[in-house]
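One-letter residues, chain by chain:
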Amino acid sequence: MLNVGLSGCLCLIYLFQPVFSFYIPGVAPLDFEKGGDVEVKAVKMTSSNTQLPYDYYKLPVHCKPSDGVQYKSENLGEVLRGDRIVNTNFKVEMDTNAPCRVLCKDITLTAEESATVAKHIEEKYFVHLLVDNLPSATKIQNINANDVMYEHGYRLGIYAKESNEAFLNNHLVIRLHYHKESESDTVYRVVGFEVEPKSIDSSRIKSDDETTCTIDGGNNMQKINSEGETKVTMTYEVEWTPSETRWASRWDTYLAMSDVQIHWFSIINSVIVIFFLAGIVAMIIVKTLRRDIARYNQEDSDEGIEETGWKLVHGDVFRPPRAKNFLSALVGSGVQLFMMSFIVIVFAALGMLSPSSRGALITAVCFLYVFMGLIAGYFSGRIYKTIKGTNWRKTAILTATLYPSVVCSICLILNFFIWGKRSSGAVPFSTMLAILLMWLGISFPLVWIGFYFAYRQLPYEHPVRTNQIPKQIPEQQWYMHPVISTLIAGVLPFGAMFIELFFIFTAIWENQYYYLFGFLFLVFIIIIIACSQISIVITYFQLCGEDYHWWWRSFIVSGGSAFYVFAYSIFYFFSKLDITGFVPSLLYFGYTFVICFTFWILTGTIGFIASYTFVSRIYSAVKID
């Protein structure tokens, strides 16, 4: 049955994989006429060195429009990402080239403002603009590989480390691409947005009025005097070119920024290895179990033969564990995270949570998590009733608050540090209040309702009775030590995902777009299989060693891959990132801990459910007096 379901999932992936051009639900093309106004908006400034986004108008070199600053209303995902979409002073008309225009003339920066601009340039900040919901990109020619790559946004400036000098990119060449269905068609659609930043000394910029300008020849760049005043003039030019790219395919340029062949090879290699190992493990377990069950059933007909192996603990295997309320709460939270993750990955793989739908992915995650509280409460209540829990109200509250309270506490502490840096990544108080209301007003009641109705039902039926006096557990083998078995068990699931983990970390910490949700869906299925297999194997060996404390062990062991994820995050921090400073480092490891904690609960729940099903099945297959 598992193979049939997995084959069906694989078929779905390959059916949808070739589909590249389709309209994202809720995102419709915007039509322009020749000479019509094309609005240029700003999103934010970002840096992978600091992990602190800032508002576009934080720096005085970005002059504000004369008609005032107008911020676009954002969804929950945009706010949590630190996006602050705002109008700008750029004047762009459809299919109308502009050789040189003045954006801001004769800006005089104080010594303090100059130092701030120079610091942002040194920290490698990028500026992100939008045209028709299409983000700006900078084209880079890779001479060695003889191909073209794109950077998201454009660099604020150039920092010369040898001379400790900062040069501002004060002139932008805005290259826009449009598409028409035919030559006679009067409808234009924006399909490309490139920016080429240049640093030009203000003395070379001549302007007769407030709008147009000319640039003299020379190589002098706009240096920022970090110890005194700096005079800056900001300019831009606009170039329009026709393109054969259709509107539905205009994001292909932004989503093709990595080596796809290496990605395909790595994913396929990981899939083959994991399925090969999982097949071997499953074959060994099935063969061994069949022999055990046949031997145990034969021993029942021969009186006087002493019971051995996992059958010996049949009277204790379903003995309720310690801290049963915490175990039930963790399993309920894990089911909630599993359902949320599965639905989000499926819809994202179908293209409904594309990067073009800005903030839609994070918004979907938040709302789905809240509404999956009903399922979390139900599963937590059934488990708690099965392991003979009595204080159901306390456990229901714990299920609704355990995971959210840990995550929200960490994020709130980190948010204070972000506030202290005056970053746009700080979550506003109104948004925090909205999230709190979603938690207490929707998720909490749903968990309570699900737990209440589940606790009123009959518990899951066990195939054997539990003895009144617990059996003494003999000394275990060294490899069955909880720490060693957890480290061993975490290798297999981590091996299934570490390639994809690199792309996910790159998207999170280096401001890249993550779009390979078809691959992620496949990896998610493999992780489910790997966690289930390894948890069953460890539980089987544990029971064969006459250790019946498998409840917590199955959860912790299956979540062992979270340790490797955190270890990989440390390696990624020192080898791939140039993060410096206390606050950026704190943000990185704080948010990474939240990711690993979430992954531990998710994979632990998968392993627990697999082990519980396995134990129930094997003890129902043998004859026990």
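For the structure given in this document, a descriptive report is provided here. Since we're looking at a predicted model, the values are computed, not measured.

1. Side note on the sheet that holds strand β15 (residues 223-224)
Strand pairing in a sheet takes place through backbone hydrogen bonds and is either antiparallel or parallel in direction.
Next, step 1: Pairing is antiparallel in the open sheet, where three strands are placed in the order β9-β10-β15. Edge positions in the open sheet fall to β9 (157-160) and β15, since each of these has one partner strand only.
Next, step 2: Examined bridge by bridge, strand β10 (residues 165-168) and β15 share two bridges and lie antiparallel to one another. Its bridge partner lying in β15, F167 is registered against K223.
Next, step 3: The strands that helix α3 (residues 111-122) touches are β9, β10 and β15; relative to β10, the one it contacts most, it runs at about 95°.

2. Some points on empty space enclosed by the protein
Next, step 1: All told, the structure shown has one cavity of 30 Å³ or more when counted by the stated rule.
Next, step 2: Here the largest cavity is characterised by a volume of approximately 30 Å³.
Next, step 3: In terms of residue class, the lining of the largest cavity is made up of six nonpolar, four polar and no charged.

3. Overview of a nonpolar patch on the surface
Next, step 1: On the surface, a cluster of nonpolar side chains totalling about 610 Å² of accessible area is made up of L412, I413, F416, F417, W419 and F582.
Next, step 2: Looking at the nonpolar patch element by element, the count peaks at five residues for helix α8 (residues 392-420).
Next, step 3: Among the structural elements, F417 can be located in helix α8.
Next, step 4: Given a relative accessible area of 31%, F417 falls into the partly exposed group.

4. Section: the environment of Y384
Next, step 1: Locating Y384 in the fold gives a position in helix α7 (residues 373-386).
Next, step 2: Taking the C-alpha atoms as reference, Y384 lies 7.5 Å from Y455; in sequence the two are 71 residues apart.
Next, step 3: Residues contacting Y384, with those up to four places away along its chain left out, are K324, N325, S328, G389, T390, N391, W392, T395, F451 and Y455.
Next, step 4: One polar contact links Y384 to T395, side chain to side chain, over a distance of 3.4 Å.

Rules used throughout
- Residues numbered from 1 in each chain as written.
- Predicted model: local features only at pLDDT ≥ 70, side-chain atom pairs only at ≥ 80, totals over all residues.
- Heavy atoms only, no water.
- Pairing = 2+ DSSP bridges.
- Helix = DSSP H or I, 4+ residues; strand = E, 2+ residues; numbered from the N terminus.
- Contact = heavy atoms within 4.5 Å.
- Axes fitted to C-alpha atoms, helices over the stretch in contact; angles between N-to-C directions.
- 1 Å grid on protein atoms, 1.4 Å probe; cavity = no way out; pocket = protein on both sides within 12 Å on 5 of 7 lines; lining within 4 Å.
- Points joined across faces, edges and corners; volume = space filled by probe spheres on them.
- Nonpolar A, V, L, I, M, F, W, Y, C, P; charged D, E, K, R; others polar.
- Patch = residues over 30% accessible without salt bridge, like charges linked within 9 Å, V, L, I, M, F, W, Y side chains within 5 Å.
- Areas by Shrake-Rupley, 256 points an atom, 1.4 Å probe, with all protein chains shown as cover.
- Salt bridge = Lys/Arg side-chain N within 4 Å of Asp/Glu carboxyl O.
- Buried < 20%, exposed > 50% of the residue type's maximum accessible area, 1.4 Å probe, protein only.
- Polar contact = N/O pair within 3.5 Å; in protein donor to acceptor, adjacent residues only side chain to side chain.

Geometry only, nothing functional implied.
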